[in-house]
Amino acid sequence: MNSFMSWVGGKKALREAITMRLPSDCDRYVEVFGGGGWVLFYKSPSKFEVYNDFNPNLANLYRCVRDYPEELCKELTYTLNSRTDFDHVRKTISSKTVIPDIKRAAYFYQLIRESYASGLDSFGAQPHSMWRNFPLIHQAAKRLQTVVVENKDFAKLIAQYDRPNTIFYLDPPYYETEDYYEDVGFTEKDHVRLRDALVNIKGKFLLSYNDCPEIRELYSMPGIMIESTTRLSNIAQRYDAGKQYPELLISNYDTYEEGVLTRQLTLFDEYDENEKILKERKIIWKSIAN
Ligand SMILES: C[S@@+](CC[C@H](N)C(=O)[O-])C[C@H]1O[C@@H](n2cnc3c(N)ncnc32)[C@H](O)[C@@H]1O
């Protein structure tokens, strides 16, 4: 299913490629940099699941969607898609004013829906009916019923949920776009801090990143596999249809051997499309003991 919201850096275009590489033997799924949760909503549910984001407004929105979808939709019913209203909401939510959780969630959702490219800061001036989002919010509420929502820094979250049967999916702010995300203070040094938090975990991880020399170098180490792939660039579609954006998929397990897709291939002989995808994979680093 789709997420109920778009988000800067959302993985809509890459969600299938990511999902098919998740290991088939981990029943604890932890999405560390949750954002719009495009992979979480797309994959089939695991026994235990966590959605985390360090942005407190985002974590509050997810909790309200999960626990109070009706009340949230009610709060959103009379929002006005207008620049004046947008500026007022943006100012209020960024101030120190105490706002009840459901109202805060409604304000934040309004900013996501009505800002330019979901960037939260400038009014998008696009025709949009909030009411059309209500079914999406209700579907998301059903999907999130058993999902734990956390609002922690990645290092604390990883330490807390690490077990041999945990798969962490991580989609951090990309290298040199750290300042795209408000309220979280992610900096260049955090890329190294993230690598250090991941190297010795007991569980497995799959990480998506922009393809650049700095990140290739950071993860070219024993126990790691790096694959390069591309996705359609959402923003570039507006002026350059078909433009591809290079990405890296980094893991501490062999996604060919252990990925859900490989398992499906042997189980159901689903060749054709799936086999093509497997053949086209480009491994650029692999140092994993088999
Ligand atoms: C690229 S976005 C994730 C997009 C998501 N995968 C999707 O499909 O929408 C990165 C997210 O990381 C969050 N973030 C930034 N610093 C963080 C930190 N220290 N710990 C946890 N989350 C953080 C940001 O708030 C942002 O939502």
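Residues numbered from 1 in each chain as written. Predicted model: local features only at pLDDT ≥ 70, side-chain atom pairs only at ≥ 80, totals over all residues.

## A closer look at the site of the ligand
Part 1 of the argument: Around the ligand, a shell composed of 20 residues is seen, among which Gly9, Gly10, Phe33, Gly35 and Gly36 lie nearest.
Part 2 of the argument: Of the residues that constitute the shell around the ligand, the class distribution is 10 nonpolar, 6 polar and 4 charged. (Near = placed C-beta within 6 Å. Nonpolar A, V, L, I, M, F, W, Y, C, P; charged D, E, K, R; others polar.)

## Description of helix 9 (residues 189–198)
Part 1 of the argument: Those residues of helix 9 lying buried are His191, Leu194, Ala197 and Leu198. In an axial view of helix 9, the angular spread of the buried residues amounts to 125°, which keeps them on one side of the axis. Facing away from the buried surface of helix 9 by more than 90 degrees, the exposed residues are Lys189, Val192 and Asp196.
Part 2 of the argument: Against the buried residues of helix 9 lie helix 8 (154–161), strand 5 (204–210) and helix 10 (213–219). (Buried ≥ 20, exposed ≤ 12 C-beta atoms within 10 Å, placed from the backbone. Helix = DSSP H or I, 4+ residues; strand = E, 2+ residues; numbered from the N terminus. Arc of directions from axis to C-beta. Contact = placed C-beta atoms within 7 Å.)

## Section: unusual backbone geometry
When glycine is set aside, most residues are seen to have a negative phi, and most peptide bonds are trans.
Part 1 of the argument: A positive phi angle, close to 55°, is found at serine 118, a residue other than glycine.
Part 2 of the argument: Within the secondary structure, serine 118 sits in the loop between helix 6 (101–114) and helix 7 (134–144).
Part 3 of the argument: Of note in this structure, leucine 120 is not a glycine but carries a positive phi near 75°.
Part 4 of the argument: By secondary structure assignment, the location of leucine 120 is in the loop between helix 6 and helix 7.

## Quick word on the environment of proline 45
Part 1 of the argument: Note that proline 45 resides in the loop between helix 2 (38–42) and strand 2 (48–52).
Part 2 of the argument: Owing to 12 C-beta atoms within 10 Å, proline 45 belongs among the exposed residues under this scheme.

## Concerning the environment of leucine 207
Part 1 of the argument: Relative to the elements of secondary structure, leucine 207 occurs in strand 5.
Part 2 of the argument: The exposure class of leucine 207 is buried, given the 24 C-beta atoms found within 10 Å.
Part 3 of the argument: On a C-alpha basis, the gap between leucine 207 and tyrosine 169 in space is 5.9 Å, while along the polypeptide they are 38 residues apart.
Part 4 of the argument: Here leucine 207 is in contact with Leu170 and Ile250, once residues within four sequence places are set aside.

## Overview of the packing of helix 5 (residues 83–94) against helix 6
Part 1 of the argument: Axis separation between helix 5 and helix 6 bottoms out at 10 Å; the angle between their running directions is 130°. Considering their axes alone, helix 5 and helix 6 lie oblique with respect to each other. Judged by the sense of rotation from one axis to the other, the crossing of helix 5 with helix 6 is left-handed. In this structure, helix 5 uses Phe86, Val89, Arg90, Thr92 and Ile93 to contact helix 6, whose residues at the interface are Arg104, Tyr107, Phe108, Gln110, Leu111 and Glu114.
Part 2 of the argument: Of the residues contributing to the contact of helix 5 with helix 6, the split by class is 6 nonpolar, 2 polar and 3 charged. (Axes fitted to C-alpha atoms, helices over the stretch in contact; angles between N-to-C directions. Parallel < 35°, antiparallel > 145°, perpendicular 65-115°, else oblique. Left-handed = near helix turned anticlockwise from the far one by under 90°.)

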